[in-house]
Amino acid sequence: MKVTVERAHLLKSLNHVHRVVERRNTIPILSNVLLRAEGGELKLKATDLDLEVSEAIPAMVAEPGATTVPAHMIYDIVRKLQDGAQIELATRNDGATLDLKAGRSKFALQMLPETDFPDLTAGTFGHRFSLSAADLKRLVDRTQFAISTEETRYYLNGIYFHTVEAGGELRFRAVATDGHRLAQAEMVAPHGSEGMPGIIVPRKTVGEIQKLVEDPEAKVGVEVSDSKIRLTFAAAGEGATGAVVLTSKLIDGTFPEYGRVIPQGNDKELKVDRDEFAAAVDRVSTISSERGRAVKLTVGDGRLVLTVVNPDSGSATEELAVEYESDPLDIGFNSRYLLDIAGQLETDTAVFRLADPGSPTLIHDFGQSNALYVLMPMRV
Amino acid sequence: MLPTQNSGVEGFCRDCLVPSRPGAWRCASCGSPRLVAHPELDRLSIAHVDCDAFYASIEKRDDPSLRDVPLIVGGGKRGVVSTACYLARIHGVRSAMPMFKALAACPQAVVIKPNMEKYVKVGRQVRQLMLELTPLVEPVSIDEAFLDLSGTDRLHHATPALTLARFAKRVEDEIGITISVGLAPNKFLAKIASDFEKPRGFSVIGAAEARTFLAGQPVTLIWGVGKALAGTLERDGIRQIGQLQSMDETALMKRYGIMGQRLARLSRGEDDRRVTPDREAKSVSAEVTFDEDIAAFARLEPILRRLSEKVSARLKKAGIGGRTVTVKLKTQDFKTVTRNRRLSDPSQLADRIFRAGRELVERECDGRAFRLIGIGVADLVPAEACDPVDLVDEGAGRRAKAERAMDAVRARFGGEAVELGLIFGTDRRGRDR
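These numbers were taken from a predicted model, which means no experiment stands behind them.

Q: Just to check I follow, could you spell out the overall build of chain B for this structure?
A: For chain B, the count of helices and strands is 15 helices and 15 strands. In terms of C-alpha radius of gyration, chain B reaches 25 Å, essentially the compact-globule figure of 22 Å for 433 residues. Put simply, 63% of the contacts in chain B that link residues at least 6 apart link residues at least 24 apart. Entry remark: accessible area of chain B is about 21300 Å², with carbon and sulfur atoms responsible for 52%.

And the structure:
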């Protein structure tokens, strides 16, 4: 293989793919990035066996071929090379070394044969549709924080994407929960998504999706099979010829019947300024030593009092003016969870629908909303 | 032998408590040889009190016919020695020794099953007497404790040393068992001292001699140096505490981490830990040794459930719960396997503890036979932080409610009024009942 590429192109592409590679690997080939030069482009691919990212960049191919080299190392090298440099990649005849040349810099990298490189793309993807990158990002951003990290409930370690019939139309919905809180975001189902099975996209893949969305105007192609999802991010910006393709295994499990969790009859409505509320929660929770200690909300008579008591260090209270006309109520929440949710709300006013201090509370934006959050109270 | 007893300073007689002359070998007043004298005797106030062969002593007290026979207190034919009396120890019987080994060493020994209820009662009596000396009593186990007697001279009209001697005599007279006392400037040295002259001992280690005394002792004497660390030290050529004394603290820390600091300080006899009366428990656990090894998971399961309920009952009683569940298995060849799992939320419920433990145990069940199983929880937190209602796991919520209902029934009608089908009809070792 002998190929010349622009540093900027290679760096951007390596930046996309190298993140997938785990820093510590017991299988050597998984530390490597696959480079394949053919037909006027250089294709890069990296995987951790659960997730694979590939991308092609324009290249002058003098000699087609393929090899693999340590991903983090070549990324670091390219990152440190001068801006605007032309990089030549050439494999030696010994089949063990890749020479990387740019200006006066020369590197010799040990290779592993590309035939050893695993391929994740096999399988038939029966469902195809596309949506805008902005929509995808919104679904992911709104729900990502609620993904569980608990290994025993592996089926909660991702976002559940599925279609539902709601309000007379088909909705494409994302849900995540860790048992303490639940986040749900949805949009009108894109054409072609009808009939798609519910899928659980793992946490790491979700993180990569968030990073790969660069141009919100671009379209993202989605393909779903029984066990995998493939996302094609259309080329964005100058210099990107090929799309970034992310292929990931899905979590093999059944997402719980979350619908029952979403309270329907909570009649105590509290409206509060989102930013004031978040700032106040943040302030009073300073007094608690552990992250996420309970903050008590006392509502009644047009005001909300936030209280945190830490037996070891003291207490804090703050009062906010709110819209509230129901019976007074004391209810406790994990302060970190409140902040997480406040960070996702899109309107300036946050709406809480409360029932009693022991039942789930519904939180959502003011007015028409495509997202909602359910939070379990804490004992205070 | 410590170079302190009967040295050329004044002391007192531990039997009649009158002062003794310097260099005396017997009490001038009562003729007893049990004198104690030390240059720092009047200044030391940290003590470690340890009951001598506690369980065995109580049994001998209650049944005088056992007085002159080797006595082993321990469980069943497969159990281990809990306590061996000093006669049995002459034959080489030691605590924690498997019973078959103990009986091989001392076939004429009488074996008694432990009566924990009785021992706990006696332990409390001893503790009560300790608390009459000072509020600063830090229990280490049922039969030993650290005492800080600083500033009690005027209260008791006696030095801490004399107060302790009086206390030892009182325990013998009123409770009928003997104790050993270690008196030193700190806990580390006090603990070593109490072990020195057992039974009925009274040993003193002063600040001045600590270094010299420790120099010739093996490193395993240092609290925290177990088999593994001792092995590491041995590979590095360190066997005696004296070698550690000559090493720099920073160098030791570089090599052994935070343990290095402990090694450096304790080797010089420095220990700034305080005697804290309400040292909180770090974990709650329960375990059982089987009559015969068990390999089948199906048989371990009910035993584990029963242990989980025991742990849970103790957590509930104390108003706490824990975040980490640990299971312990001991294989046929005495290898101990421990596995732990962090729960998503702290729990005090038998159901959650059991479920976490069950998975860990199931994974270990690969045909190996086990002689012991245990389960415990650590990272303890107040009950309020435990078992929040889960949004999605309705089963757990239902089981939690069922468990609370069972607890209520038990509180009213006794511990076995209601049981899970899983453990019904079996005893704590998994045998049919």
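Q: Would you take a moment to explain the pattern of salt bridges for this structure?
A: If charged atoms from side chains of opposite charge come close, those side chains can pair. Evaluation of the coordinates by the stated rule reveals 63 salt bridges over all chains. Ionic pairing is found between Asp 348 of chain A and Arg 274 of chain A, a salt bridge with its closest N-O pair at 3.4 Å. With a gap of 74 residues between them, Asp 348 of chain A in the loop between helix H6 (335-342) and strand E24 (349-354) and Arg 274 of chain A in helix H5 (residues 274-284) connect regions that are remote in the sequence. You can call Asp 348 of chain A exposed: its relative accessible area is 52%. Residues Asp 68 of chain B and Arg 67 of chain B are paired through a salt bridge, measuring 3.4 Å at the closest nitrogen-oxygen approach. The class of Asp 68 of chain B is exposed, set by a relative accessible area of 57%.

Q: Looking at this model, I keep getting lost on the pairing of strand E15 (residues 219-224) of chain A. Mind explaining?
A: Looking along a regular strand, one sees the side chains alternate between the two faces of the sheet. Residue and element names in this part refer to chain A. Relative to E15, strand E10 (residues 127-132) runs antiparallel, the two being bridged by six bridges. Paired with Arg 128 across the bridge in E15 is Glu 223. The loop that links E15 with its antiparallel partner strand E16 (residues 228-233) comprises three residues.

Q: What is the right way to look at the domain arrangement of chain B in this model?
A: One frequent convention defines the size of an interface as the accessible area lost when the parts assemble. For chain B, the assigned domains read domain 1 (8-37), domain 2 (38-207), domain 3 (212-268) and domain 4 (283-432). Here the C-alpha centre of domain 4 of chain B lies 38 Å away from the C-alpha centre of domain 3 of chain B.

Q: Got a minute to help me understand the sheet that holds strand E23 (residues 329-334) of chain A in this structure?
A: Backbone hydrogen bonds hold the strands of a sheet together, and the pairing may be parallel or antiparallel. Residue and element names in this part refer to chain A. In space, the four strands of this open sheet follow the order E21-E20-E19-E23, with antiparallel pairing throughout. In this open sheet, the two strands that pair with only one neighbour each are strand E21 (314-321) and E23. Here the strands of the sheet are splayed against their neighbours by 20 degrees on average, with no regard to which way each runs. Taken together, the five bridges between strand E19 (residues 294-300) and strand E20 (residues 303-310) define a ladder with antiparallel strand orientation. Following the sheet pairing, Gly 300 is matched in E20 by Arg 303. Sitting on the sheet, H5 is in contact with E19, E20 and E21, with an inclination near 170 degrees to E21. The strands touched by H6 within the sheet are E19 and E23, with E23 carrying the most contacts at an inclination of about 85 degrees.

Q: What exactly am I supposed to notice about the pairing of strand E14 (residues 336-347) of chain B here?
A: Residue and element names in this part refer to chain B. Of the strand pairs in this sheet, strand E13 (residues 320-331) and E14 are connected by eight bridges, and their pairing is antiparallel. Bridge pairing links Lys 328 to Thr 338 in E14. Connecting E13 to the next strand, E14, in antiparallel fashion are four residues, including Phe 334 with a positive phi near 65 degrees.

Q: Which parts of the structure should I look at to understand the packing of helix H13 (residues 297-318) of chain B against helix H15 (residues 394-413) of chain B?
A: In helix packing, the relevant descriptors are the interaxial angle and the interaxial distance, both defined with respect to the helix axes. Residue and element names in this part refer to chain B. Where H13 contacts H15, the two axes come as close as 13 Å, and the packing angle between them is 80 degrees. As the angle between them shows, H13 and H15 are arranged roughly perpendicular. Of the residues in H15, those in contact with Glu 309, Ser 312 and Lys 316 of H13 are Glu 403, Arg 404, Asp 407 and Arg 410.

Q: I keep staring at the packing of aromatic side chains and nothing clicks. Help me out?
A: Aromatic rings in a pair are described by how distant their centres are and how their planes are angled relative to each other. According to the stated counting rule, one finds twelve aromatic pairs over all chains in the structure shown. Measuring from centroid to centroid gives 6.4 Å for Phe 12 of chain B and Phe 202 of chain B, while their planes differ by 85 degrees, and the two rings are edge-to-face. Taken as a pair, Phe 12 of chain B in strand E1 (residues 11-13) and Phe 202 of chain B in strand E11 (residues 202-204) lie far apart in primary sequence, 190 residues in all. With relative accessibility at 6%, the residue Phe 12 of chain B sits in the buried group. A network of ring pairs unites the aromatic residues Phe 129, Phe 161 and Phe 172 of chain A as a single cluster. Just above the ring of Phe 125 of chain A sits the side chain of Arg 230 of chain A; from NZ or CZ to the centre is 4.3 Å. Above the plane of the ring of Trp 223 of chain B lies Arg 273 of chain B, whose end atom (NZ or CZ) is 4.0 Å from the centre.

Q: In this structure, what is going on with the nonpolar core? I would like to understand it.
A: Nonpolar side chains tend to gather and get buried jointly when the protein is soluble and globular. Leu 35, Leu 42, Phe 161, Phe 233, Phe 277 and Leu 306 of chain A are the most contacted members of the largest nonpolar core, which has 98 residues in total. It is helix H2 (residues 71-80) of chain A that provides the largest number of residues to this core, a total of five residues. Counting 52 residues, the second-largest nonpolar core is a separate cluster that includes Leu 133, Val 137, Ala 145 and Val 204 of chain B.

Q: Teacher, can you tell me more about the interface of chain B and chain A here?
A: Each side of the interface is counted separately: chain B has 15 residues, and chain A has 17 residues. Taken together, both faces of the contact between chain B and chain A bury some 1200 Å²; the carbon and sulfur share is 57%. One can count one salt bridge joining chain B with chain A. Between Asp 390 of chain B and Arg 153 of chain A there is a salt bridge whose closest N-O contact spans 2.6 Å. Looking at which element gives the most residues to the side of chain B that touches chain A, the answer is E14 of chain B, with three residues. Across the side of chain B that touches chain A, the residue classes tally to six nonpolar, one polar and eight charged.

Q: It is not clear to me how the UniProt feature "site: Substrate discrimination" (unreviewed entry) in chain B should be interpreted in this structure. Could you clarify?
A: Residue and element names in this part refer to chain B. In this numbering, the UniProt entry assigns the feature "site: Substrate discrimination" (unreviewed entry) to Tyr 55. Within the element layout of this structure, Tyr 55 appears in helix H1 (residues 54-62). Since its relative accessible area comes to 13%, Tyr 55 is described here as buried. The contact partners of Tyr 55, leaving out residues within four places of it in the chain, are Val 73, Ser 82, Thr 83, Met 116, Tyr 119 and Ile 142.

Q: Would you explain unusual backbone geometry in this entry?
A: For residues besides glycine, phi is generally negative; the peptide bonds are generally trans as well. For the peptide bond that leads from Lys 198 of chain B to Pro 199 of chain B, omega is -10 degrees, which places it in the cis range. Residue placement: Pro 199 of chain B occurs in the loop between helix H7 (187-194) and E11. You will see that Asp 301 of chain A, though not glycine, has its phi angle at about 60 degrees, which is positive. With respect to the secondary-structure elements, Asp 301 of chain A resides in the loop between E19 and E20. With relative accessibility at 75%, the residue Asp 301 of chain A sits in the exposed group. For Asp 379 of chain B, which is not glycine, the phi dihedral falls at a positive 55 degrees. Within the element layout of this structure, Asp 379 of chain B appears in strand E15 (residues 370-382). Assessed through its relative accessible area of 38%, Asp 379 of chain B is described here as partly exposed.

Conventions adopted
Residues numbered from 1 in each chain as written. Chains lettered and ligands numbered in written order. Predicted model: local features only at pLDDT ≥ 70, side-chain atom pairs only at ≥ 80, totals over all residues. Heavy atoms only, no water. Helix = DSSP H or I, 4+ residues; strand = E, 2+ residues; numbered from the N terminus. Rg over C-alpha atoms; globule rule 2.2 N^0.38 Å. Contact = heavy atoms within 4.5 Å. Areas by Shrake-Rupley, 256 points an atom, 1.4 Å probe, with all protein chains shown as cover. Salt bridge = Lys/Arg side-chain N within 4 Å of Asp/Glu carboxyl O. Buried < 20%, exposed > 50% of the residue type's maximum accessible area, 1.4 Å probe, protein only. Pairing = 2+ DSSP bridges. Domains from an automatic or database assignment. Axes fitted to C-alpha atoms, helices over the stretch in contact; angles between N-to-C directions. Parallel < 35°, antiparallel > 145°, perpendicular 65-115°, else oblique. Phe/Tyr/Trp six-rings, centres within 6.5 Å; stacked < 30°, edge-to-face > 60°. Lys NZ or Arg CZ within 6 Å of the ring centre and 35° of its normal. Core = buried A, V, L, I, M, F, W, Y, C linked by side-chain atoms within 4.5 Å. Buried area = accessible area lost by both parts, 1.4 Å probe. Nonpolar A, V, L, I, M, F, W, Y, C, P; charged D, E, K, R; others polar. UniProt positions renumbered as here; feature names shortened; annotations may be inferred.

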